[in-house]
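Here's the letter readout for the chains.
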Amino acid sequence: MELPRAPRINPSILAADFVNMQADLAKIATADFAHVDVMDNHFVPNLTFGPQMVERIQATSPIPLDVHLMITDPERWAPEYAEIGAASVTFHLEAADEPVTLARRLRDIGSRAGVAVKPATPVESLFEILDEFDQILVMTVEPGFGGQSFMPETMPKLRALADEARRRGSQVWLQVDGGISDRTIEIAASAGADTFVAGSAVYGAEDIEAAVTRLRDLAGAASLEA
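Residues numbered from 1 in each chain as written. Predicted model: local features only at pLDDT ≥ 70, side-chain atom pairs only at ≥ 80, totals over all residues. Heavy atoms only, no water.

The name given to the chain in an unreviewed UniProt entry is Ribulose-phosphate 3-epimerase, and the organism recorded there is Microbacterium oxydans. Of the chain, the UniProt comment under Pathway (unreviewed entry) reads exactly: "Carbohydrate degradation." (UniProt positions renumbered as here; feature names shortened; annotations may be inferred.)

So this is what it looks like as structure tokens:
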């Protein structure tokens, strides 16, 4: 499967209609990935999908899955999502005992390996191991619930990652998730993000396909100006 070029728009199905999931997946066919938030009610205070549901989403989705694991013990569970066929599996740095070992395991199975950091988590520990990951997700809200407001105070961290990636010639994707809208996507793109998770900004739009295109265009223009 040929992977899409930046900027990438990954609508979060956390904002979709769970009763009509197949129809709502079809509505984002022009996006790059379907972002699937897996929460276990331990690492974050919310409970969403498990492996069986994600497997059904994988079978139904017209685009690849970008699975974000907000769970404890990712060493145990993350490989299962890669084996289901998710194109990308992201686990949290705060939850992993051996993040590099886990990332290599995910890659061995055939998934892109991603690591996520909460708003308060420093990123400097990732600098030396950037190329062990295909994607770094900088959370721009506290993980656990959709519909939160974008946290601009996370942008210096994103800029630091972008600068370090450029310095090292790294091809790692830099993703943001939380409060991404027509207004905030430009801020994140200017700071170095190239992959954007958007929930209500896509599924709350009257024309979902047009919303995806608009977000992609805004991010592209902001990246060129940065």
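Novice: When you look at the overall build of the chain in this model, what are you seeing that I'm missing?
Specialist: A count of helices and strands for the chain gives eight helices and eight strands. Relative to the 2.2 N^0.38 estimate, which gives 17 Å for 226 residues, the radius of gyration of the chain is 16 Å and therefore close to what a compact globule would have. A principal-axis box enclosing the C-alpha atoms of the chain has dimensions of 45 × 40 × 35 Å. Here the chain displays about 10000 Å² of accessible surface, and carbon together with sulfur accounts for 48% of that area. (Helix = DSSP H or I, 4+ residues; strand = E, 2+ residues; numbered from the N terminus. Rg over C-alpha atoms; globule rule 2.2 N^0.38 Å. Areas by Shrake-Rupley, 256 points an atom, 1.4 Å probe, with all protein chains shown as cover.)

Novice: Would you mind going over the UniProt feature "active site" (unreviewed entry) in the chain with me for this structure?
Specialist: Per the UniProt entry, the sites bearing "active site" (unreviewed entry) are Asp37 and Asp177 in this numbering. Considering the C-alpha atoms alone, the annotated residues occupy 141 residues of sequence yet fold into one spot, their largest mutual distance being 10.5 Å. Assignment of secondary structure puts Asp37 in strand β2 (residues 34-39). Note on Asp37: relative accessible area 4%, which makes it buried. With residues near it in sequence (within four places) discarded, Asp37 still touches Ser12, Leu14, Thr48, Phe49, His68, Met70 and Asp177. By relative accessible area, which is 9% here, Asp177 ends up buried. (Buried < 20%, exposed > 50% of the residue type's maximum accessible area, 1.4 Å probe, protein only. Contact = heavy atoms within 4.5 Å.)

Novice: What is the right way to read the environment of Asp108 from this model?
Specialist: Counting through the fold element by element, Asp108 comes out in helix α4 (residues 99-109). Placed 35 residues apart in sequence, Asp108 and Pro143 show a C-alpha to C-alpha distance of 27 Å.

Novice: Please explain the environment of Thr60 as it appears in this structure.
Specialist: Within the element layout of this structure, Thr60 appears in helix α2 (residues 51-60). Looking at Thr60, the relative accessible area reads 24%, which means it is partly exposed. Considering only alpha carbons, one finds Thr60 and Ser223, 163 residues apart in sequence, at a separation of 32 Å. Beyond its immediate stretch of four places on either side in the chain, Thr60 contacts Gln22 and Leu25. In terms of polar contacts, Thr60 uses its side chain to reach the backbone carbonyl oxygen of Arg56, at 3.0 Å. (Polar contact = N/O pair within 3.5 Å; in protein donor to acceptor, adjacent residues only side chain to side chain.)

Novice: Looking at this structure, I do not really get the UniProt feature "binding site: a divalent metal cation" (unreviewed entry) in the chain. What am I missing?
Specialist: When the UniProt feature table is mapped to this numbering, "binding site: a divalent metal cation" (unreviewed entry) covers His35, Asp37, His68 and Asp177. For the residues just named, distributed over 143 residues, the greatest C-alpha separation is only 10.5 Å, placing them together at one site. Reaching out from Asp37, the side chain makes a polar contact with the side chain of His35 at a distance of 3.1 Å. Looking at where Asp177 falls in the secondary structure, it is placed in strand β7 (residues 173-177). Not counting chain neighbours up to four residues away, the residues in contact with Asp177 comprise His35, Asp37, His68, Leu137, Val138, Met139, Thr140, Val141 and Val197. Of the polar contacts made by the side chain of Asp177, one reaches the side chain of His35; its length is 3.3 Å.

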